Amino acid sequence: MIRRTSIGAAAVFVAVAFTSSWYVSAQSSPAASRAASPAVAALNPAPSPEALGFDSQRLAKLDAYMTKAVADGRVAGMSTLLARHGQVVSEKIYGVKSLKTGAPLTRDTIFRLYSMSKPITGVAMMMLFEDGRWQLDDPITRFVPEFKALKVMSGADENGRWPIQDMQRPPTMRELMSHTAGFGYGLADQHPVDKLYREKGVLAANGLADMIKRTAGIPLMFQPGTKWSYSSAVDIQGYIVEKLSGQKFGDFLQQRIFMPLKMTDTGFYVSADKASRLSAVYAGNPKTGKIEEVTELFGGKMPTYLEPPSMESGGGGLVGTIGDYARFTQMIANKGELDGVRLLSPASVEMMGTNMIPGSALVASNGNGVARFNEAVGFGLDFMVVNDPRAAGTLEGKGSMSWGGAAGTWFWVDPTNDVIFVGMIQRMGDTGGDPLGSMARTLTYQALTHPER
């Protein structure tokens, strides 16, 4: 389940040219130097936390908190990476990837990303947007005509029945990418539409075309644009990527995103030669108070991720390392570019980080208790966005973009302070205490005592 704040990951270091003369000039005029050298941010190690505005003693609180989370058995292992101005301030590895074998968690451990797949799919969509293949307010039926006959099951009447209504208009691409289109998901079963998603096995479809066919037979949860509800919308986006590009979704991601960003361990399954690097997934046992390896997921058997899946899920199917995901987040922080390779324009990244939920659709929760949105926290194009961080109760910068995964992974990109953070764990459900992503934010920013650097 995704919470208000997500959970994160660490990264591998990638060599890029950093001269001593640049470092000297950066000390005298950091803002001017960064503006003059837009490609500097590429995940090199920082000379010291202080050089980037952090207090080492205060930053030690972050390490101590995460160390205790592992020592207390809340998670088996954890990897975190904090970077600022493209330089790694802190990279930590804790615990094990398997309680059964005792194998330590390592820098190249592969994690199930689950819903941290969504921002990657969003970038694929925006690349096609920049190719002129679609517009934000296009009806999705232009690309998915199977949805022209969708109905709406918006709420129970006074007799407890759920009447079926006609769709007033098709959802738009903007609504599809901001979870305001009205689609269900099937991760919970409070709403009849979610129950239908489970019954029809939408997330277990035999490919993206079959997923579309199954979805087309299920009503929307509300009239498009009227509410926010976490949904299968990003899996639908994966289908649209296939249709517009003429490529298999995974091939598009590999050729257009993973290869250019050198995300060598990210994909929809783990090859045999990397299988030993895949972390086990755990969940808390309320009876024993301890974590146990998960064997079932959402009513079915836990996928092994050791062979190609029947459906390449853009909403939750990717696996990868902390280093790979840190490169992705640094690309977003760099406004679409990394190591001289540009995936998106700065304007497109800015649009992804702009709240798209209309004021009339702001709700306390989506009915499944998944996330909260208000004037302080909104949702852009496949990213959650912090519009007013202090009102939201967080210390991060305005405009921070984030999300997380079902197994506890989290990340955020803070454009105001030029900070990225990735955290990787593999635990389903509550982490048995304070949300680790929320605490990571607090403990990171209480240590940023000189944000002007």
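The preceding data block contains the structure.
Residues numbered from 1 in each chain as written. Predicted model: local features only at pLDDT ≥ 70, side-chain atom pairs only at ≥ 80, totals over all residues. Heavy atoms only, no water.

**Re the overall build of the protein chain**
In plain terms, the rule: Helix numbering and strand numbering both begin at the N terminus, where a helix is a DSSP run of H or I of at least 4 residues and a strand a DSSP run of E of at least 2. Whether two residues are in contact is decided by their heavy atoms: any pair within 4.5 Å suffices.
Helices and strands together make up the secondary structure of the protein chain, namely 13 helices and 19 strands. When contacts within the protein chain are restricted to residue pairs at least 6 apart in sequence, those whose partners lie at least 24 apart make up 72%.

**Comments concerning the packing of aromatic side chains**
In this description, an aromatic ring pair is defined by two values, namely the gap between the centres and the angle between the planes. Condition: Here a Phe, Tyr or Trp ring, Trp counted by its six-membered ring, pairs with any other such ring whose centre lies within 6.5 Å, and the pair is stacked when the planes are under 30 degrees apart, edge-to-face when over 60, and tilted otherwise. Think of it in three bands: residues with accessible area under 20% of the maximum for their type are buried, residues over 50% are exposed, and the middle band is partly exposed, with areas taken using a 1.4 Å probe on protein chains only.
For the coordinates displayed, the defined rule picks out 17 aromatic pairs. Look at W228 and Y230: their rings are 6.1 Å apart centre to centre, the planes differ by 10°, and that puts the pair in the stacked class. Neither W228 nor Y230 differs from the other in exposure class; each is buried. Each ring, one from F373 and one from F379, has its centre 5.9 Å from the other, and the planes form 90°; the classification is edge-to-face. Its relative accessible area of 4% is what places F373 among the buried residues. Taken together through their ring pairs, the aromatic side chains of Y185, W228, Y230, F373, F379 and W403 make up a single cluster.

**A closer look at the nonpolar core**
Filter applied, for reference: The nonpolar core is taken to be a set of buried Ala, Val, Leu, Ile, Met, Phe, Trp, Tyr and Cys residues, with the residues joined through side-chain atoms within 4.5 Å.
Formed by 91 residues in total, the largest nonpolar core has its most connected members in V123, W134, F183, I240 and I257. Sequence-distant contacts of W134, that is, excluding residues within four places in its chain, are made with M125, M126, L128, F129, F143, M173, M177 and L244. Listed in part, the 26 residues of the second largest apolar core include M78, V89, V419 and L443.

**Observations regarding the pairing of strand β16 (residues 401-404)**
Using the following cut-off: The rule for pairing is simple: two strands pair if DSSP sees at least two bridges between them.
Residues M401 and W403 of β16 are buried on one face, and the alternating residues S402 and G404, pointing to the opposite face, are buried as well. Judged from the four bridges that link them, β16 and strand β17 (residues 410-414) form a sheet pairing that is antiparallel. Residue pairing in the sheet places G404 in a bridge with W410 of β17. Hairpin remark: β16 followed by β17, antiparallel, with five residues in the connecting loop; positive phi at G408, about 95°.

**Regarding the sheet that holds strand β19 (residues 427-428)**
Within the open sheet, the three strands sit side by side as β8-β7-β19. Their pairing is mixed. For this open sheet the edge positions go to β8 (290-293) and β19, each flanked by a neighbour on one side alone. Note: strand β7 (residues 282-285) against β19, two bridges, orientation parallel. The partner of Y282 across the bridge, within β19, is R427.

**Some remarks on the sheet that holds strand β18 (residues 419-424)**
We count it as follows: Axis definition: a line fitted to C-alpha atoms, limited for helices to the stretch in contact. Angles are taken between N-to-C directions and run from 0 to 180 degrees.
The strand order β1-β3-β2-β18-β17-β16-β15-β14 describes an open sheet built from eight strands, whose pairing is mixed. Edge strands, defined here as strands with exactly one partner in the open sheet, are β1 (44-45) and β14 (377-379). Docked against the sheet, helix α3 (residues 56-71) engages β2 (77-84), β3 (87-95), β17 and β18, running at close to 20° with respect to β3. Along the sheet, helix α13 (residues 436-445) makes contact with β2, β16, β17 and β18, crossing β17 at roughly 35°.

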